[in-house]
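Working through the structure, step by step
If you want the building blocks of each chain, they are given just below.
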Amino acid sequence: MAERLSNREGIKGMANPTRYGMLRVAYWLQRLSGLGLLAYLIGHIYETSTILNGKAAWDNMLSLTETPGGHIVLVIVIGMCVFHTGNGIRVMISEGGKGIGRPGQPEYPYKAVSLSSKQRLCIWVSIALAALAMMYGAGVLFGN
Amino acid sequence: MATVEVPKEEKDAHAASAPQQSEPKTITLRIARINPSEQHEPKFEEFKIPVQKWTTVLEAILFVKQNLDHSVAVRYSCRQASCGSCGMKINGKPRLACYTKISELDSPVITVEPMNNFPIIRDLAVDFKQMFATHKRMKPFVINEESEVKPGTKEFVQKPEDLEKFLQFSYCIKCGLCNSACPTMSTDKSFIGPQGLAQAYRYTADNRDKGKNERLKIVDESHGIWRCHFAGSCSYVCPKGVDPAMAIQLLRGYLLGFGK
Ligand code: HEM
Ligand code: SF4
Ligand code: FES
């Protein structure tokens, strides 16, 4: 109840990417893709561990990924991987204080320099690379 | 230098049929009413308000207080984006009520609520105790043994480029909009927050100041600077161009050894 009175937005507010521009969208995508990749990594370890139960179990598991559903999951993983890496590099550089502009004299309408077109471009490039990789991956997976 | 363009008078045919600019429009103002000692959820009350092109959200709220319901609790003082009192959630985003024109919201319904991530006092007024205490904890003053001007000493000389390193961060009016928009703030009640972190940078970047190590130690804690994920929402809502997100990343640059 104390938290309710403190009027904190909570996880719902944190996970709402719609209100504060492109950097907030990137923050949300980075979280989502990070958690998605973590889930995939755990699943992947489980999947590959089936080889310990012999070839039959392994083949059985492998056939799961060779369904259309399995292919879609893999295509999404490819997208998450590429976006998370690209945007992650932008975030690492920026969080070291590089590439975020220099302080100066703010003038009306006080647009923040750190939310510059350079930052937004990097985010869009990460999204575009992810989309290209997903298309290529889908081509390979669904092509044969 | 910035130039101000005076709009040409519109004299086209449709201007004649358009309503006179001075004729007020009516909008619906929805005000969240809550008294935390009695209820947990706000109730919304609706008021019809006549507005002009230049009417601000604060003026609309004051119209309600003067003419319709004087019991609405709202905090304000300067009415010109200088005192930092009137922050509230306006149509879903934290903004200064005195600095937000109804016309720029482009909506016939305006909803005002208390800002998130601050305890509610009543209705639209929120409690800044924690933010002010955190601000104080950042040592918001120049730390320098020789700051006293005594006979035989001179004031510090600062070049314009020295000033530019911190000037924009000193424009903070402590309105709390940044803390209200911050995604970390919305789940972590102990986070220093963009307001405090930006002020820690403001003094650290001041070449008269010698308190860098003290302040870096204060922000380098588990609910400190590392909880910032550069979502940029603070800078997106800041009404004074402080750009707290930039200050935080530059401060982190010091800690990582990239800054000077
Ligand atoms: C080249 C590869 C990678 C790079 C450059 C990278 C970069 C980053 C960065 C910079 C962050 C922090 C973002 C922030 O401050 O909000 C992050 C968060 C995260 N990453 Fe990665 N990452 C990579 C690979 C991975 C992989 C393979 C996984 C999963 C197994 C992963 C899972 C996560 C998770 C769970 C988070 C936390 C998300 C959050 O708290 O917002 N990352 N990554
Ligand atoms: S940094 Fe900007 S938004 Fe935050 S308290 Fe200061 S003036 Fe308000
Ligand atoms: S009344 Fe002072 S900032 Fe709005």
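Before going into details, it helps to say that this report is about the structure given with it. (Residues numbered from 1 in each chain as written. Chains lettered and ligands numbered in written order. Predicted model: local features only at pLDDT ≥ 70, side-chain atom pairs only at ≥ 80, totals over all residues. Heavy atoms only, no water.)

Further remarks concern the site of ligand 1. By nearness alone, 14 residues border ligand 1, and R31(A), G34(A), H84(A), E95(A) and H229(B) come closest of all. Separating an oxygen atom of ligand 1 from a side-chain N or O atom of R31(A) is a distance of 2.6 Å. For ligand 1, an oxygen atom lies 3.3 Å from a polar atom in the side chain of E95(A). Among the elements of the structure, α3 (21-49) and α5 (68-95) of chain A are those that each provide at least two residues to the shell around ligand 1. When residues in the shell around ligand 1 are grouped by element, the largest group, 7 residues, is from α3(A). Residue classes in the shell around ligand 1 are distributed as 6 nonpolar, 6 polar and 2 charged. (Near = heavy atom within 4 Å. Polar contact = N/O pair within 3.5 Å; in protein donor to acceptor, adjacent residues only side chain to side chain. Helix = DSSP H or I, 4+ residues; strand = E, 2+ residues; numbered from the N terminus. Nonpolar A, V, L, I, M, F, W, Y, C, P; charged D, E, K, R; others polar.)

A word on the packing of aromatic side chains. Tallied over the full model, the rule gives 6 aromatic pairs over all chains. When the ring of Y20(A) is compared with that of Y236(B), the centres are 6.2 Å apart and the planes differ by 75°; the resulting orientation is edge-to-face. On the criterion of chain membership, the pair formed by Y20(A) in the loop between α2 (10-14) and α3 and Y236(B) in helix α9 (residues 233-237) is interchain, its members lying in two chains. Given the relative accessible area of 2%, Y20(A) is considered buried. Residue class for Y236(B) comes out partly exposed when judged on its relative accessible area of 41%. Ring geometry for F128(B) and F132(B): centres 5.6 Å apart, planes at 70°, overall edge-to-face. The class for F128(B) is buried, based on a relative accessible area of 6%. Under the relative-accessibility criterion, F132(B) is labelled partly exposed at 41%. By way of ring pairs, the aromatic residues F118(B), F128(B) and F132(B) are connected into one cluster. The ring of Y203(B) has R202(B) lying over it, and the distance from NZ or CZ to the ring centre is 4.0 Å. Its end group placed over the ring of Y254(B), K212(B) keeps NZ or CZ at 4.5 Å from the ring centre. (Phe/Tyr/Trp six-rings, centres within 6.5 Å; stacked < 30°, edge-to-face > 60°. Buried < 20%, exposed > 50% of the residue type's maximum accessible area, 1.4 Å probe, protein only. Lys NZ or Arg CZ within 6 Å of the ring centre and 35° of its normal.)

Next up on the list: the coordination of the iron atom of ligand 1. No protein donor other than H84(A) (NE2) coordinates the iron atom of ligand 1, and that contact is at 2.0 Å. Along the chain, the position of H84(A) falls in helix α5. (Donors = N, O, S within 2.8 Å, 3.2 Å for Na, K, Ca; no water.)

This brings us to the sheet that holds strand β1 (residues 25-33) of chain B. Residue and element names in this part refer to chain B. The 5 strands lie next to each other as β2-β1-β5-β3-β4, forming an open sheet whose pairing is mixed. Looking at strand neighbours, the two that pair on one side only are β2 (43-51) and β4 (93-96), the edges of this open sheet. Going across the sheet, the axis of each strand differs from the next one's by a mean of 35°, ignoring polarity. Bridge count for β1 against strand β5 (residues 109-113) is 4 bridges, and the pairing is parallel. (Pairing = 2+ DSSP bridges. Axes fitted to C-alpha atoms, helices over the stretch in contact; angles between N-to-C directions.)

Taken together, 13 residues lie around ligand 2, and C172(B), C175(B), G176(B), C178(B) and C238(B) are the ones closest in. Of the residues contributing to the shell around ligand 2, the split by class is 9 nonpolar, 2 polar and 2 charged.

Once that is clear, we can look at the packing of α3(A) against helix α6 (residues 117-143) of chain A. Residues and elements named next belong to chain A. Their axes nearest at 10 Å, the elements α3 and α6 cross at an angle of 40°. As the angle between them shows, α3 and α6 are arranged oblique. Considering only the axes of α3 and α6, their crossing is left-handed. Listed contacts from α6 to M22, L23, A26 and L29 of α3 are Q119, R120, I123, W124 and I127. Residues of the contact of α3 with α6, tallied by class, amount to 7 nonpolar, 1 polar and 1 charged. (Parallel < 35°, antiparallel > 145°, perpendicular 65-115°, else oblique. Left-handed = near helix turned anticlockwise from the far one by under 90°. Contact = heavy atoms within 4.5 Å.)

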